[in-house]
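# Coordinates in review
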Amino acid sequence: RYLDRGPHVVVVGGGTGLSNLLKGLKRYTNNITAIVTVGDDGGSSGRLRQELGVLPPGDIRNCITALADDDKLITELFRYRFSSGEGLEGHSFGNLFITALCAVTGGDIIQATRTASRILNSCGQVLPSTLPSLTLAARFDDGTVVTGESNITKTGKRIIQMKCDPESPEAVPEAVQAIAEAELIVLGPGSLYTSIIPNLLVNGIVEAIRSSSARKIYVCNVTTQPGETTDYSVGDHVEALVAHSGAIKSPQGKLLN
């Protein structure tokens, strides 16, 4: 009952940083919404995306597992990764499970996510930021452009701008509603350019955050990330977030407090 009365918190990001934050937040409230990026194109998620045309399930699975009731066997099952087997090697069971649920529900990833959350007795909800599968592209300080989330960090150059294809995809309505009802909005932690900023490229997400009266904070990574934020200060991280969210000087339109 205490957790059910907890504050409404929205966390925006992706990757292991987001799931680690959720493990801590669930001790204080059940009213959590995780909004995750859908730009992943590497590993098990990338293979499922390429072969079956589904949204990459990896970040969604990580968040559902992080918010799950502490049933060790079930959470280990969802994290289990096949080490052998033709076509299975490298795949996570949780990724395959969510992909199968998506097929059973007629391609409805949100319904598939809710069903997986019920099975793991997860608190809160996990939502993709948008339904189209995004292809990320980075423009570097020398003018070159690299496409594909898994390729961006390999260049070792300084990123100037992130874009996505399709450009300005529409946000999931449930995600916008959760932001509007939030008392606390948290960006990060996670990969700045490939986990957090891609959510800000979705049409409706930034507008909802700026319009919200919630407290808005950014949790910076504890160290810089090679290929993305080499030699970055905390201020550099924040400037990148603001640059990708449009410049609004109104006190009522801040991206962060």
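All values reported here derive from a predicted model rather than from experimental measurement.

## Remarks on unusual backbone geometry
For the peptide bond that leads from Asp 165 to Pro 166, omega is 5 degrees, which places it in the cis range. Relative to the assigned elements, Pro 166 resides in the loop between strand 6 (159–165) and helix 8 (173–181). Following Gly 188, the chain continues to Pro 189 via a peptide bond in cis, the omega torsion being -5 degrees. Relative to the helices and strands, Pro 189 is located in the loop between strand 7 (184–187) and helix 9 (192–200). A positive phi is found at Ser 168, a non-glycine position, where the angle reads about 50 degrees. By the secondary structure assignment, Ser 168 is in the loop between strand 6 and helix 8.

## With respect to the pairing of strand 8 (residues 215–218)
The alternating pattern of strand 8 places Lys 216 and Tyr 218 on a buried face and Arg 215 and Ile 217 on a face that is not buried. Here 4 bridges tie strand 7 to strand 8, and the two strands are oriented parallel to one another. Bridged to Val 186 within strand 8 is Ile 217.

## Brief notes about the packing of aromatic side chains
By the definition in use, this model includes 5 aromatic pairs. With a centroid separation of 5.2 Å and 80 degrees between ring planes, the pair formed by Tyr 80 and Phe 82 is classed as edge-to-face. Aromatic side chains Tyr 193 and Tyr 232 sit 6.3 Å apart centroid to centroid with 80 degrees between the ring planes, which places their arrangement in the edge-to-face category. Here Tyr 193, found in helix 9, pairs with Tyr 232, found in the loop between strand 8 and helix 11 (234–243); they are 39 residues apart in sequence, far enough to count as distant. Assigned by exposure class, Tyr 193 and Tyr 232 land together as buried. The rings of Phe 78, Phe 93 and Phe 97 are connected pair by pair, giving a single aromatic cluster.

Each value, and the rule that gives it
- Residues numbered from 1 in each chain as written.
- Predicted model: local features only at pLDDT ≥ 70, side-chain atom pairs only at ≥ 80, totals over all residues.
- Heavy atoms only, no water.
- Helix = DSSP H or I, 4+ residues; strand = E, 2+ residues; numbered from the N terminus.
- Buried < 20%, exposed > 50% of the residue type's maximum accessible area, 1.4 Å probe, protein only.
- Pairing = 2+ DSSP bridges.
- Phe/Tyr/Trp six-rings, centres within 6.5 Å; stacked < 30°, edge-to-face > 60°.

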